[in-house]
Amino acid sequence: MDTTIRFIRTGSVIGALLIFGFASGQESHPLSLGDAVVASLAHSNELKIDKSKINASTAAVQDAKNSRLPDIDISGQYLRVNEPNIGLKFDSGENEGEQESAGGSFPAVNQVMFGMATASLPLFTGGKINQSIASAKFLETAARLDAQYDRQHIIQNTVSAYYNLYKAQAAVALVKENLKSSQQRVKDFQNLEANGLVARNDLLKVQLQESNLELALINAENNAAVCNYNFNLMLGLDGQTLLALDTAVLIATPLALSVDEWEANALDHRSDYQALANRKQAAHAGVNIAKSAYYPALAISAGYMGANIPHALTVTNALNAGLGLSYNLGSLYKAGAKIRQAKAQEEELLWHREQLSEGIKSQIHQAYLDYSQSLKKIEVYLKAMEQANENYRITKNKYENSLATTTDLLDADVARLQAQIDYAYAKADAAVAYHKLYESAGLEPATFTARHE
């Protein structure tokens, strides 16, 4: 309980430094982790690409279902023809030579019109249509799961960027606070040196520390500006927007599940693992599609034809209907290769899934250890910070009583600053590790603020 209280108090101090350091000089945009996640998901081009893929896979399902519908073809032609010269010659039987017939005449035909309509509805295709629909549905589900996995990955990237910015801003705030103390120390030493109470060398030491802190502040502010700009790009905000993060309270959430339970949850919830399962099902349907070539195809068909040749011929009400059976004998020796190819693809996806299963277990194990370690680091860095503060207080008292040198005082001050920065970084790293564990298990925390109610 004492440790938790110290944790909250120290976190509140650092949060106050962040707000003071970044909101006083420029109007800032408050941003919680939950809002950052929402903004990054809305701005993500990757998710927009995934949405297009889902739309394409949905259309593919409908296209497969359309194979059940009849095919209807309508065609017509209009031909303009000339009036040909036609001469009929015959053998009269009385003369050896041929005589041209002068009797009889042909109608004057100068145009031809005809039209046809045919319809065909498949009744049996060896299961090819049904398996094609099933395969398309499995692939559609896989596309949606891919989008879900990308969404979780984007959330984790947002969490990492959020707390990287927090670390950068915390470093700026802590260095600024330390620089103020250093500047005041320089003024005190200048007065003491002017009155001959301290040596010129001691004044130079505190001035050197002030210069080093100014350089450290320049580097910290540059790093914070880069992190702030890149995070704005991720969120779709203007690059110059100054972000004020909601990190006043950061409480490490204890681990409630064992590593085995996390692994079981991962295999049940990981979107990429489920997507591979659906792709394997689609590949199995592909095997059945290849096997459908061994079966004949049966379809019902109907047709209509009409023709009109003025002055010569008119055809109407020419209807036909019947059943059509077709069987490709070549499939008996050609389909085998396609079936083996489809089975090989199915087997490949099976082994990919086994490989991913092992990879997920490894990721969970690593994430679990990382978060467990981060919790321990928080405790260690908290003690180190308290020790550094106490060491600085004692060293300062000793210096004021001439029992410690200026170098001892400055070293204690640097150690105190480093301990504060290490502690702030440890909290941020723990928050990232916490969300990484959830992402590795395919889950999402109940809140994005890493708070434990």
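Residues numbered from 1 in each chain as written. Predicted model: local features only at pLDDT ≥ 70, side-chain atom pairs only at ≥ 80, totals over all residues. Heavy atoms only, no water.

Draft legend 1. Focus on the overall build of the chain. Each helix and strand in the chain was counted, giving nine helices and eight strands. Residues classed as buried in the chain amount to 36% of the 453 residues present. For the chain, contacts bridging at least 24 residues in sequence account for 84% of all contacts bridging at least 6. (Helix = DSSP H or I, 4+ residues; strand = E, 2+ residues; numbered from the N terminus. Buried < 20%, exposed > 50% of the residue type's maximum accessible area, 1.4 Å probe, protein only. Contact = heavy atoms within 4.5 Å.)

Draft legend 2. Quick look at the environment of Val432. With respect to the element layout, Val432 can be found in helix α9 (residues 406-440). Put simply, Val432 and Tyr162 are 270 residues apart on the chain and 9.1 Å apart in space, counted from C-alpha to C-alpha. With sequence-adjacent residues up to four places away left out, Val432 is seen in contact with Gln156, Val159, Ser160 and Tyr163.

Draft legend 3. Structural view of the nonpolar core. Membership of the largest hydrophobic core comes to 36 residues, with the highest contact counts inside it found for Leu31, Tyr162, Tyr163, Tyr166, Phe231, Leu243 and Leu245. Counting only elements with at least two residues in this core, the list comes to α2 (33-43), α4 (128-194), α5 (200-235), β6 (243-245) and α9. Here this core gets 15 residues from one element, more than from any other, and that element is α4. Beyond its immediate sequence surroundings of up to four residues, Tyr162 is in contact with Leu31, Ser32, Leu33, Ala36, Phe231, Leu245, Asp246 and Thr247. Ala283, Leu356, Ala433 and Leu437 belong to the second-largest nonpolar core, a separate cluster that totals 17 residues. (Core = buried A, V, L, I, M, F, W, Y, C linked by side-chain atoms within 4.5 Å.)

Draft legend 4. Inspection of a nonpolar patch on the surface at higher detail. A cluster of nonpolar side chains, contributed by Leu121, Leu123, Phe124, Tyr294, Tyr295, Ile300, Leu323, Tyr327, Leu329, Leu332 and Tyr333, occupies part of the molecular surface with about 1,100 Å² of accessible area. Among the secondary structure elements, those contributing two or more residues to the nonpolar patch are β5 (111-124) and α8 (331-400). Broken down by element, the residue count for the nonpolar patch peaks at three residues, all from β5. Structurally, Ile300 can be placed in strand β7 (residues 297-309). With relative accessibility at 38%, the residue Ile300 sits in the partly exposed group. (Patch = residues over 30% accessible without salt bridge, like charges linked within 9 Å, V, L, I, M, F, W, Y side chains within 5 Å. Areas by Shrake-Rupley, 256 points an atom, 1.4 Å probe, with all protein chains shown as cover. Salt bridge = Lys/Arg side-chain N within 4 Å of Asp/Glu carboxyl O.)

Draft legend 5. Up close: the side chain of Gln156. With respect to the helices, strands and loops of the structure, Gln156 is situated in helix α4. Taking relative accessible area as the criterion, Gln156 reaches 6% and is therefore assigned buried.

Draft legend 6. Geometry of unusual backbone geometry. A positive phi is found at Asn317, a non-glycine position, where the angle reads about 60°. Tracing the sequence through the fold places Asn317 in strand β8 (residues 313-326). Of the residues examined, Asn317 reaches a relative accessible area of 60% and is grouped as exposed. Notably, Ser402 is not glycine yet its phi reads approximately 60°, a positive angle. Its location among the elements puts Ser402 in the loop between α8 and α9. Accessibility expressed as a relative area gives 66% for Ser402, which makes it exposed.

Draft legend 7. Quick peek at the packing of aromatic side chains. Inspection of the entire model under this criterion finds eight aromatic pairs. Pairing Tyr162 with Tyr163 gives two aromatic rings, centres 5.4 Å apart and planes at 75°, and the pair type is edge-to-face. In this pair, the class of Tyr162 matches that of Tyr163, namely buried. Consider the rings of Tyr371 and Tyr434, whose centres lie 5.5 Å apart with planes at 50°: the pair is tilted. With Tyr371 in helix α8 and Tyr434 in helix α9, this pair connects stretches of sequence that are 63 residues apart. With respect to class, Tyr371 is no different from Tyr434; both count as buried. Across from the ring centre of Tyr425, 5.0 Å away, lies the NZ or CZ of Lys167, which sits over that ring. (Phe/Tyr/Trp six-rings, centres within 6.5 Å; stacked < 30°, edge-to-face > 60°. Lys NZ or Arg CZ within 6 Å of the ring centre and 35° of its normal.)

Draft legend 8. Highlighting the pattern of salt bridges. According to the stated counting rule, one finds twelve salt bridges in the structure shown. Residue Asp413 is joined to Arg185 by a salt bridge in which the shortest nitrogen-to-oxygen separation is 3.2 Å. In this pair, Asp413 is assigned in helix α9 and Arg185 in helix α4, connecting sequence segments 228 residues apart. Of the residues examined, Asp413 reaches a relative accessible area of 0% and is grouped as buried. Via salt bridges that share partners, Arg185, Asp413 and Arg416 belong to a single interconnected network.

What is shown is where atoms sit, not what they do.
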